[in-house]
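# Examining the three-dimensional arrangement
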Amino acid sequence: MMTGTGHRARGGRGASRLSAAAWLYMAAVVAAALAVLGQAMGADPGLDFRVGQAWPILVLALLFLICDSAPATLASRQSAWSPSSSATLAAVVLIGPVGALVVGATSLLSVRRGLDLTQRVFNASMYGLSAYAAGEAYLALGGHVGHPGHGSFPGIIGPFAAAAVVHVFINHGLLWGMLMLVPAAEPGPLHRHMPLLFLADLGYATLGLLIAALWTVGGAFAAVLVLVPLFVARWAIGQFAAQEQAYAATMAALCQAVETKDCYTRGHSERVSRGSAMIAREVGMRSSRVEAIRYAGMLHDVGKLGVPTTILQKSGALTEEEFAAIQLHPMRGLAIVREIGFLDEALAGIMHHHERIDGRGYPMGLAGDEIPEFARVIAVADAFDAMTSNRSYRGARSIGDAVADLRKWSGTQFDPALVDAFVAALRREGWEQPRPAAVPPADGTAAQDHDDPTAPLRVVESW
Ligand SMILES: [Fe+2]
């Protein structure tokens, strides 16, 4: 549930599935919003709405509703983004804290599908509280309520900036609390992009001051003028989210294809992706490279699509020709995905993930630092997951045993610094071994795993 130049809870996870703690949290947020409104009404039964303020409230509430009703769905699908807090922050300047609260609370009437009453009430309370607190911060720092004039600048900027920061902090804070109590099935992109969205919200919040300043010369038409760039912003954020979803769908489709063909490694790509990202974060890669290595981990074995299924699932020793076909899979993988533009550095990881530090790997026999860093990272995560997963020819090894094996081959097969980084990340973050155990192929074959360093492929002389 989320919103604002901010975030709101969105539909899809019914209130009936909330935990008791989440219900309590929601009730506390709603009670706080009602208490603030009640206190304001007690202090000023007219809610400081003088006759001249009814029109701005109506227009800003309408602006808020238009923005709030057409949010960009974020990739996590747990939340949505809209630039509606521009309207509440304009209300802070033009009408004051209580008027801003009323504008924010109109989220209750949001024309969006999939929101139940509980989510509407929570969103309205969250916006109302964020707007009211922003208004109080604006007043506390000497901000003047009313139409800004020539003399208002630059003095108004400080109080308005404080109001914007308070608004975004409270919006994100209240929402974050809810997300903690309603964990996503998978943390996903929302959590990763939270800092980015926070900055974006702060940036778009400044449009509230633009609306207020334009109001002085253009009246309600100011809202229409600002609506256009707001919707361009919403469209741009929506494109970003849609692009991320398209990437994720592409990855999932390719992985599904590989795992359909090589069914005994189910879930392997996902876990290698996760392990590679753990190592990447541990060695301090910037976030764009961590994202790229996630993709590389997901797709590292996509070249298996180009290896005959009879070879992948063969139970006995391989002929030299068959082994050569397996060794071709990194090159075939590169050929399959090289035209996917966003993969970029990930391509090197896919092509070289079976190289060894001692130069005895394939396909190129690169050694040491000649091997691209992505490939060295994936090699560690790949082998670790293969060892800690069930295979039809052996049970899953324990995490301790697998770590011992990584250390054993550190410096020959694996990059020692990356093994150390993985072990450190494992200690901190843990590792979830696949559940349920990988299912052996239905035809009873006992295929070997080319990623498993404890069971090297057996090769027989061809004849
Ligand atoms: Fe592989």
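Parameters at a glance
Residues numbered from 1 in each chain as written. Predicted model: local features only at pLDDT ≥ 70, side-chain atom pairs only at ≥ 80, totals over all residues. Heavy atoms only, no water. Salt bridge = Lys/Arg side-chain N within 4 Å of Asp/Glu carboxyl O. Helix = DSSP H or I, 4+ residues; strand = E, 2+ residues; numbered from the N terminus. pLDDT = per-residue confidence, 0-100. Contact = heavy atoms within 4.5 Å. Buried < 20%, exposed > 50% of the residue type's maximum accessible area, 1.4 Å probe, protein only. Core = buried A, V, L, I, M, F, W, Y, C linked by side-chain atoms within 4.5 Å. Polar contact = N/O pair within 3.5 Å; in protein donor to acceptor, adjacent residues only side chain to side chain. Axes fitted to C-alpha atoms, helices over the stretch in contact; angles between N-to-C directions. Parallel < 35°, antiparallel > 145°, perpendicular 65-115°, else oblique. Left-handed = near helix turned anticlockwise from the far one by under 90°. Nonpolar A, V, L, I, M, F, W, Y, C, P; charged D, E, K, R; others polar. Phe/Tyr/Trp six-rings, centres within 6.5 Å; stacked < 30°, edge-to-face > 60°. Patch = residues over 30% accessible without salt bridge, like charges linked within 9 Å, V, L, I, M, F, W, Y side chains within 5 Å. Areas by Shrake-Rupley, 256 points an atom, 1.4 Å probe, with all protein chains shown as cover.

Moving on: the pattern of salt bridges. Under the counting rule described, the total for this entry stands at 15 salt bridges. Taking the shortest distance from any N to any O, the salt bridge between R281 and E429 comes out at 3.2 Å. Placement of the pair is R281 in helix α10 (residues 268-282) and E429 in helix α18 (residues 416-429), with a sequence separation of 148 residues. Notably, a salt bridge pairs E282 with R428, separated by 2.5 Å at the nearest N-O pair. You can see E282 sitting in helix α10 and its partner R428 sitting in helix α18, a full 146 residues away along the chain. Here the residues in one salt-bridge network are R281, E282, R428 and E429, joined through shared partners.

Time to look at the confidence of the model for the protein chain. Detailed conclusions should not be drawn from predicted coordinates in areas where pLDDT is low. Here the protein chain averages 82 in pLDDT, while 83% of its residues score no lower than 70. Looking across the protein chain, the model is least confident in strand β1 (residues 2-9), with a mean pLDDT of 47, and most confident in helix α16 (residues 373-387), with 96. Low pLDDT, under 50, characterises residues 1-5; the stretch is placed with 47 contacts to residues that sit more than four places away or in other chains. For residues 437-446, every residue scores under 50 in pLDDT, and the model assigns this stretch 16 contacts once sequence neighbours within four places are set aside.

With that settled, consider the environment of G155. With respect to the helices and strands, the residue G155 is situated in the loop between α5 (117-140) and α6 (157-181). For G155, a relative accessible area of 53% translates into the label exposed. Separated by 11 residues in the primary sequence, G155 and H144 place their C-alpha atoms 9.6 Å from one another.

Moving on, we come to the nonpolar core. If you look at the biggest cluster of nonpolar residues, it comprises 48 residues, and the most contacted ones within it are L299, V337, L343, L406 and F422. Breaking this core down by element, the ones donating at least two residues are α9 (221-261), α10, α11 (287-299), α14 (329-337), α15 (346-352), α16, α17 (399-408) and α18. Core analysis: the second largest hydrophobic core is formed by 36 residues, I57, L63, L89 and A100 among them.

What follows is about the side chain of D405. Turning to its location among the elements, D405 is positioned in helix α17. Polar side-chain contacts of D405 include one of 2.5 Å to the side chain of R397. Residue contacts for D405: discarding those within four places in its chain leaves M387, R397 and T454.

Another aspect to go through is the packing of helix α3 (residues 85-94) against helix α8 (residues 207-218). Look at α3 against α8: their axes get within 7 Å of each other, and the N-to-C directions meet at 50 degrees. On the basis of their axis angle, the class for α3 and α8 is oblique. For α3 against α8, the interelement crossing comes out right-handed. Of the residues in α8, those touching α3 at S86, L89, A90, V93 and L94 are L207, G208, I211, A212 and W215. Here the contact of α3 with α8 is composed, by residue class, of eight nonpolar, two polar and no charged.

The next subject is the packing of aromatic side chains. For the coordinates displayed, the defined rule picks out six aromatic pairs. Centroid distance F422 to W431: 6.0 Å. Interplanar angle 85 degrees. Geometry classified as edge-to-face. The rings of F384, F422 and W431 are connected pair by pair, giving a single aromatic cluster.

A grouping of L108, L109 and L117 is seen on the molecular surface, where their side chains present a nonpolar patch of about 310 Å² in accessible area. Along the chain, the position of L117 falls in helix α5.

So, on to the environment of A383. Assignment of secondary structure puts A383 in helix α16. Expressed as a C-alpha distance, the spacing of A383 and D449, which sit 66 residues apart in the sequence, is 10.0 Å.

Let's shift gears to unusual backbone geometry. Residue F153 is joined to P154 through a cis peptide bond whose omega torsion reads 5 degrees. The residue P154 is located in the loop between α5 and α6 in this model. The omega torsion across Y362 and P363 is 10 degrees, close enough to zero to call that bond cis. Tracing the backbone shows P363 in the loop between α15 and α16. In this model, D344 sits at a positive phi of 45 degrees, which is unusual for a non-glycine residue.

Here the focus is the side chain of D382. Mapped onto the secondary structure, D382 falls in helix α16. Among the polar contacts listed, one links the side chain of D382 to the side chain of H300, at a separation of 3.3 Å. In this view, D382 contacts H268, V272, H300, H353, H354 and D451; residues no more than four positions away in its chain are not counted.

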